[in-house]
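Geometric and topological summary
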Amino acid sequence: MSNIQDKVVIITGVSSGIGESTAKELASKGAKLVMAARREERLIKLQEEIQMNGGQAIYKVTDVSSHEQMEELANYALKEFGKIDVMINNAGVMPLSSVHERKINEWDTMIDVNVKGVLYGIAAVLPSMRERKEGHIIIVSSVAGHLVFPSSSVYSGTKFAVRAITEGLRQEECNNNIRTTIICPGSVATELTDHISNSELKASIKEQSEIAIDPANIARAIAFAIEQPSDVAINELIIRPTIQQL
Ligand SMILES: NC(=O)c1ccc[n+]([C@@H]2O[C@H](COP(=O)([O-])OP(=O)(O)OC[C@H]3O[C@@H](n4cnc5c(N)ncnc54)[C@H](OP(=O)(O)O)[C@@H]3O)[C@@H](O)[C@H]2O)c1
């Protein structure tokens, strides 16, 4: 039996890309999923597909930048399934731009979703995991959490931040048998670049994304981290297209 079978897994950002692929991968391995994103029509479609293939999935429309909604999401998982084994903080946005463009609203959104959303996710599940002395918190950072390039200043800042937060959490909670995993994808074929508002930059980033790998590859890496025995923690994984230099 897989070590994923019957684990209760919350995943944010399941309405496309890496989150959607991860939901399908984990459902196929017997996880009980609690899926979150804002676009309900996509959540319904994904739930139907998973259930048609024999998987278990419920969903809650959730904006990760709301502390209240993240608490409600965790409470929903506890009410429906009685425990939370794994929290995957995957939701993220990447409206790249140069600092001089002063896209203050986009900076705010990146900080709200990529940093505060992750913190709210951790806060929502930590009390019940500490009580059970068992749990696994996964965050999706990025290679941009290891390096910076022009236009990635703020995005990289958010991804560096969540790596630091997760490493601190690891040190604080390892004695409570709570595992942490930082997933750092390189270029992955998803909708992430759609929201870049500078059209020239968007075209250039889309061109660079031709090497992007399928999100199913990241989903398998996440499943690998979850399926380890409970005394083994995969703390960080970097997954790039072979051809990607930086
Ligand atoms: N694709 C890449 O090359 C790449 C590389 C490195 C890291 N990553 C990271 O991977 C993660 C997933 O991104 P992706 O590539 O799969 O992009 P994506 O296809 O654009 O998916 C992003 C997901 O985040 C959700 N989301 C955005 N804002 C949200 C909010 N306020 N509340 C709840 N959900 C929200 C979206 O759902 P709704 O809009 O329906 O809410 C969507 O499901 C992100 O953290 C991203 O930074 C991606």
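Per an unreviewed UniProt entry, the protein is named Oxidoreductase, and its organism is Heyndrickxia shackletonii. Listed under Sequence similarities (unreviewed entry) in UniProt, the entry text for the protein is "Belongs to the short-chain dehydrogenases/reductases (SDR) family."

A full pass over the atoms with the stated rule returns 15 salt bridges. With a shortest N-O distance of 3.2 Å, lysine 24 and glutamate 20 are connected by a salt bridge. Taken as a pair, lysine 24 and glutamate 20 lie in helix H1 (residues 17-28) at a separation of four residues, close to a single helical turn. Between glutamate 173 and arginine 130 there is a salt bridge, with its nearest N and O atoms 2.7 Å apart. Placement of the pair is glutamate 173 in helix H5 (residues 153-173) and arginine 130 in helix H4 (residues 104-132), with a sequence separation of 43 residues. The exposure class assigned to glutamate 173 is buried, which follows from its relative accessible area of 4%. Several salt bridges converge on common partners, so that one network encompasses Lys83, Asp85, Arg132 and Glu134.

Around the ligand sit 29 residues in total, of which Ser15, Ser16, Arg38, Tyr155 and Thr190 are the nearest. Within the side chain of serine 16, an N or O atom sits 2.7 Å from an oxygen atom of the ligand. At 3.2 Å, a backbone N or O of glutamate 191 approaches an oxygen atom of the ligand. Relative to its free-state accessible area of 870 Å², the ligand is covered by the protein chains to the extent of 94%. Elements with a contribution of two residues or more to the shell around the ligand: H1 and H5. Looking at the shell around the ligand residue by residue, the classes come out as twelve nonpolar, twelve polar and five charged.

Conventions we followed
Residues numbered from 1 in each chain as written. Predicted model: local features only at pLDDT ≥ 70, side-chain atom pairs only at ≥ 80, totals over all residues. Heavy atoms only, no water. UniProt positions renumbered as here; feature names shortened; annotations may be inferred. Salt bridge = Lys/Arg side-chain N within 4 Å of Asp/Glu carboxyl O. Helix = DSSP H or I, 4+ residues; strand = E, 2+ residues; numbered from the N terminus. Buried < 20%, exposed > 50% of the residue type's maximum accessible area, 1.4 Å probe, protein only. Near = heavy atom within 4 Å. Polar contact = N/O pair within 3.5 Å; in protein donor to acceptor, adjacent residues only side chain to side chain. Areas by Shrake-Rupley, 256 points an atom, 1.4 Å probe, with all protein chains shown as cover. Nonpolar A, V, L, I, M, F, W, Y, C, P; charged D, E, K, R; others polar.

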